[in-house]
Amino acid sequence: MTTSPSPCPSPVSSPSVDWRPGRNGRVERSGRLLLRRVVAGVDLAKRGRFERTVEILDDTHPRLRRHPLARESAPVLPGFLANLGLAHILRGGFGAARDHLEEARSLAADRRLHLLELVTRQNLGCLALRGGDSAGAVATFTDLAHRLPADRREALCTDLAEALLAEGHLEEAARTLADGPWAHGRSAQAATLLVEAKLRLLRGDRYRARELVRRVRGAYGAGSLWHGLAERVEAMADQVCAAPRVRAHAELELRRPLSVCRPLPPLVAAHRAVEARPEPWAAPRDPQVARAGLEAALARGDLAAALEWAERAVPAAPGAVGGPVVERYRAALAQGRDRHCLVYARRWERSRYARRLPEREHGPVGGRLAGLLEGRAFVRLAVAGEVVALVVAGGRVHALPLGAPAAVARDIAGALAPVLELAGERPLVIAADPRLGRPQWGTLPGLRDRPVAVVPSARAWADRVARPLPRWRRVLLVSGPGPRGAAREVADLAGIHARARTATRVGEAVSGAAGCDLVHLAGHGRVSERSPLLSSVALDDGPLLALDLVSAPPPEVVVLTSCGAGRFAGALLSAGVRAVVANPAPVLDSGTGRAVAGFHRALAAGAAPPEAVAAHLGRLGFVCLGA
């Protein structure tokens, strides 16, 4: 029996067996009858009629277990139990499903049925997802991502995307769906279409979501599980534009795994967070809950709470992990094998998510922020329907509506005019929603020559600015073989930092950067849009990855004069570097060397990175990320 039960909620597949019991015609006929019943149950599952599937397979189970067929053909019983366990998952019988799947995995391992054992583990991951352990499900699916054959890719991508949605990681789910085989022209299954429809709704695209849902409803009858789930998703489409609390409930409901009839524990906590309005810093870190809390706080004029809710909208960064996949990625990058680079980057991202770090407990950030600003103004550009600027200045929190996100992103300078009027001449600390892009802040009218620190959140800035400035005793200057001015730039900076070490090779750079006060990188950069920590700067013997600089204790300040260093810089900042100075746009050679030297002299004289950038590099498009 060759069985490949697609995981939840994709239908199980039909078994086939080449079993000839010899001369006993009665045994052979009964075996064929049992197989026909199993095939009938599988066919019903393909049409989404899992209640009937469970009835047929439950009735067949004791007879098959006693039949010689289960002893003569090794895959028959574990394959049948894997199918039966999956059917029980999809009708909500989690206890029976676990029993069947654990027995199937044990039998598959004993009989050395490697593929069947992996498939059963996948179904156990589906059981974990529907039982509320979405993080455990993600870990299971990522571990299986490159161990299952290509014909199971769609089911695994769908399951992984659904688990990521349940965790609230929309961008990760979108990337996972984009990796699926349907991206290359294959038609998607009903489960895949419904997961994509849920993702579209969570992003606010009701029209594409409805189109996907109607495709499912048109393909399956009213008695099918898929038809009922499609109707449930379609009914929520109108709630996406409703009041904050109603929308939050709808979005949390959308993130529940398909075919689940009861809320998962994390989503129960999120519902309570919306209803009970706890202290924002105590609420679950959930983008939907944070958005609802932000909108509700703005509606009732509680700006201090709005600032705290805006903090909860910033996702926690997963940990940085190395390993063999990183070295394979580096080798492929050095050899120019772009397709292999993409494959290894996907593998690394999945393993990184599966090993994410636990979040620390935090209290309110508002009071701490006010005590550390010392004449600065903090600006949080948050999206709550429209873009709202939460400005902390002079001990008070102000809220300024700026307009639709697309309009603000197109004309960020014009949108900031009321913010700058309120902030006066104060230096700025800016935390902007990623949907507003990565502008060159120092070149904007009103911000030229003004110290600006760009940070992911108020808490990230407060954690960094509370640390004393380094004394620049441990300095590392790194240059690559190109562009032509890189080696000359490093030689000039060695005259400013008398005790600086230099490096041109990856090993020297990695060992020298650990715990350093200041690292300066000059060379050709390559940006990894999918995995920022895999962005690189070319050195003499290969690429130096952003990940290399944070695998050991990270340096305090990193300066990047390579082209396209914005994503590289953001990755370093999220990994704990105090400040990263970089230009999100291509760097011009003319005039840059003199400005960079002036920046380093200002640092050596005791200036903080934002002040040194404003005085020397801001007009060239460089930005100080951090404090």
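Residue indices follow the written sequence of each chain, beginning from 1 at its first position. Whole-chain, interface and lining totals are the exception, using all residues; otherwise, since this is a predicted model, local features are given only for residues with pLDDT of at least 70 and side-chain atom pairs are given and counted only at 80 or more. Here the side-chain values reflect all heavy atoms present in the structure, with hydrogen atoms and water set aside.

(A) Here's a closer look at the overall build of the chain. Counting its secondary structure elements, the chain contains 29 helices and 14 strands. Burial classes follow relative accessibility: with a 1.4 Å probe on protein chains only, a residue under 20% of its type's maximum area counts as buried, one over 50% as exposed, and anything between as partly exposed. Relative to its 627 residues, the chain shows a buried fraction of 53%. In what follows, residue pairs with any heavy atoms lying within 4.5 Å of each other are defined as contacts. Intrachain contacts of the chain at a sequence separation of at least 6 include 67% that bridge at least 24 residues. Accessible surface is estimated by sampling points in the Shrake-Rupley manner with a 1.4 Å probe; for residues, cover comes only from the protein chains shown. Accessible surface for the chain amounts to roughly 26,200 Å². Of this, 50% is attributable to carbon and sulfur atoms. Secondary structure follows DSSP: runs of H or I at least 4 residues long count as helices, runs of E at least 2 residues long count as strands, and numbering of each begins at the N terminus.

(B) Highlighting the nonpolar core. The term nonpolar core refers to a set of buried residues drawn from Ala, Val, Leu, Ile, Met, Phe, Trp, Tyr and Cys, joined through side-chain atoms within 4.5 Å. Counting 64 residues, the largest nonpolar core has L381, L428, W441, L521 and L572 as the members making the most contacts within it. With residues up to four places along the chain from it excluded, the contact list for L572 reads A546, L549, V550, V558, V577 and V580. Residues F50, V119, A174 and L201 belong to the second largest nonpolar core, which totals 53 residues.

(C) Quick peek at the pairing of strand 1 (residues 377-384). Among the 8 residues in strand 1, 8 count as buried, and that is most of the element. What you see with strand 1 is no split at all: A377, V379, L381 and V383 on one side and F378, R380, A382 and A384 on the other are buried throughout. For two strands to count as paired, DSSP must find a minimum of two bridges between them. Looking at chain direction, strand 1 and strand 4 (residues 428-432) are connected through 5 bridges and run parallel. Opposite F378, over in strand 4, you have V429 as the bridge partner. Two elements, strand 1 and strand 2 (residues 386-393), share 7 bridges in a ladder whose sense is antiparallel. Each bridged residue has a counterpart across the sheet, and for A382 the counterpart in strand 2 is V388. Count of turn residues in the strand 1/strand 2 antiparallel hairpin: 1 residue, of which G385 carries a positive phi of about 85°.

(D) Quick peek at the sheet that holds strand 10 (residues 536-539). The 3 strands are arranged 9-10-11 in an open sheet whose pairing can be described as antiparallel. Edge positions in the open sheet fall to strand 9 (525-526) and strand 11 (542-545), since each of these has one partner strand only. Note: strand 9 against strand 10, 2 bridges, orientation antiparallel. When the sheet's bridge partners are listed, G525 is paired in strand 10 with V537. Sheet strands touched by helix 17 (residues 324-334): strand 9, strand 10 and strand 11. Its angle to strand 11, the strand with the most contacts, is close to 135°. Axis lines are fitted through C-alpha atoms, for helices just across the contact stretch, and the angle between N-to-C directions can take any value from 0 to 180 degrees. Seen against the sheet, helix 25 (residues 506-513) touches strand 10 and strand 11 and runs at an angle of roughly 20° to strand 11.

(E) The arrangement of the packing of aromatic side chains in detail. Pairs were defined over the aromatic rings of Phe, Tyr and Trp, the Trp ring being its six-membered one, requiring ring centres within 6.5 Å. Orientation was assigned from the angle between planes: stacked under 30 degrees, edge-to-face over 60, tilted for the rest. Counted by the stated rule, this structure contains 0 aromatic pairs. The cationic tip of R206 hangs over the ring face of Y207; the distance from NZ or CZ to the ring centre is 5.9 Å. As a reminder, the over-ring test applies to NZ of lysine and CZ of arginine, requiring each to be within 6 Å of the ring centre and within 35 degrees of the ring normal.

(F) Main features of the sheet that holds strand 13 (residues 579-582). The strand order across the open sheet formed by 11 strands is 3-2-1-4-5-14-13-12-8-6-7, and the pairing between neighbours is mixed. The strands lining the two open edges of the sheet, one partner per strand, are strand 3 (396-403) and strand 7 (501-503). On average, each strand axis in the sheet is inclined to that of its neighbour by 20°, with strand direction left out of account. Two elements, strand 5 (residues 452-454) and strand 14 (residues 623-626), share 2 bridges in a ladder whose sense is parallel. Within strand 14, the position partnered with V454 by the bridge is L625. Running over the sheet, helix 16 (residues 303-312) touches strand 1, strand 2 and strand 3 and is turned about 110° from strand 2. The sheet contacts of helix 25 involve strand 6 (475-479), strand 7 and strand 8 (518-522), and relative to strand 6 the element is tilted by about 160°.

(G) Fine view of the packing of helix 11 (residues 206-219) against helix 12 (residues 225-237). Running from amino to carboxyl end, helix 11 crosses helix 12 at an angle of 160°, the nearest separation of the two axes being 9 Å. With respect to each other, helix 11 and helix 12 are oriented roughly antiparallel. As helix 11 runs across helix 12, the sense of the crossing is left-handed. From helix 11, R206, R210, V213, R214, V216 and R217 reach across to helix 12, where they touch W226, H227, A230, E231, V233, E234 and A237. Of the residues belonging to the contact of helix 11 with helix 12, the class tally is 6 nonpolar, 1 polar and 6 charged. Roughly parallel means an angle under 35 degrees; roughly antiparallel means over 145; roughly perpendicular covers 65 to 115; every other angle is labelled oblique. Crossing chirality is assigned from the near helix's rotation relative to the far helix, an anticlockwise turn below a right angle marking it left-handed and a clockwise turn marking it right-handed. The nonpolar class holds Ala, Val, Leu, Ile, Met, Phe, Trp, Tyr, Cys and Pro. Asp, Glu, Lys and Arg form the charged class, and all remaining residues, Gly among them, are polar.

(H) Here's a closer look at helix 4 (residues 76-90). Between its terminal C-alpha atoms helix 4 stretches 22 Å, which fits the 21 Å expected from 15 residues at 1.5 Å a residue. Within helix 4, 15 of the 15 residues are buried, which leaves it mostly tucked inside the rest of the structure. Looking one or two residues past helix 4, G92 carries a phi angle of roughly 90°, positive in sign. Residue count minus one, scaled by 1.5 Å, sets the expected span of a helix.

(I) How the structure looks around the confidence of the model for the chain. Summing up the model confidence of the chain, the mean pLDDT is 82 and the portion of residues at 70 or higher is 86%. A residue's pLDDT is simply how confident the predictor is in it, with values from 0 to 100. Averaged pLDDT values over the elements of the chain bottom out at 67 in helix 14 (residues 265-276) and peak at 95 in strand 4. In the predicted structure, residues 1-23 sits below a pLDDT of 50 and forms 91 contacts with residues beyond four places in sequence or in another chain.

(J) Just helix 25, in detail. Residues of helix 25 that are buried: V506, A509, G512 and A513. Down the axis of helix 25, the sector holding all buried residues measures 145°, keeping them to one side. Phi turns positive, to about 70°, at G515, one or two residues after helix 25. Our arc is simply the arc of the directions from the helix axis toward the C-beta atoms.

(K) View of the packing of helix 9 (residues 170-178) against helix 10 (residues 190-202). Between helix 9 and helix 10, the least distance of the axes is 11 Å, while the angle of their chain directions is 145°. Seen from above, helix 9 lies across helix 10 with left-handed handedness. Contact with helix 9, carried on its side by L170, A173, A174 and L177, involves T192, V195, E196, L199 and L202 of helix 10 and no other residues of that element. Split into classes, the residues belonging to the contact of helix 9 with helix 10 amount to 7 nonpolar, 1 polar and 1 charged.

(L) Focus on the pairing of strand 8. Counting buried positions along strand 8 yields 5 of 5 residues, so the element is predominantly enclosed. As defined by bridge partners, strand 8 adjoins strand 12 (residues 557-560) across 4 bridges and the pair is classed as parallel. Residue pairing in the sheet places L518 in a bridge with V557 of strand 12.

(M) Representation of the pattern of salt bridges within the structure. The salt bridge criterion pairs a side-chain nitrogen of Lys or Arg with a carboxyl oxygen of Asp or Glu, the two atoms within 4 Å. Tallied over the full model, the rule gives 29 salt bridges. Linking E55 and R52 is a salt bridge whose minimum nitrogen-to-oxygen distance equals 2.9 Å. Remark: R52 and E55 occur in helix 2 (residues 50-66); sequence separation between them is 3 residues, near one turn of the helix. On the basis of relative accessibility, which here comes to 48%, the residue E55 falls in the partly exposed class. In this structure R52 comes out as partly exposed when scored by relative accessible area, which is 43%.

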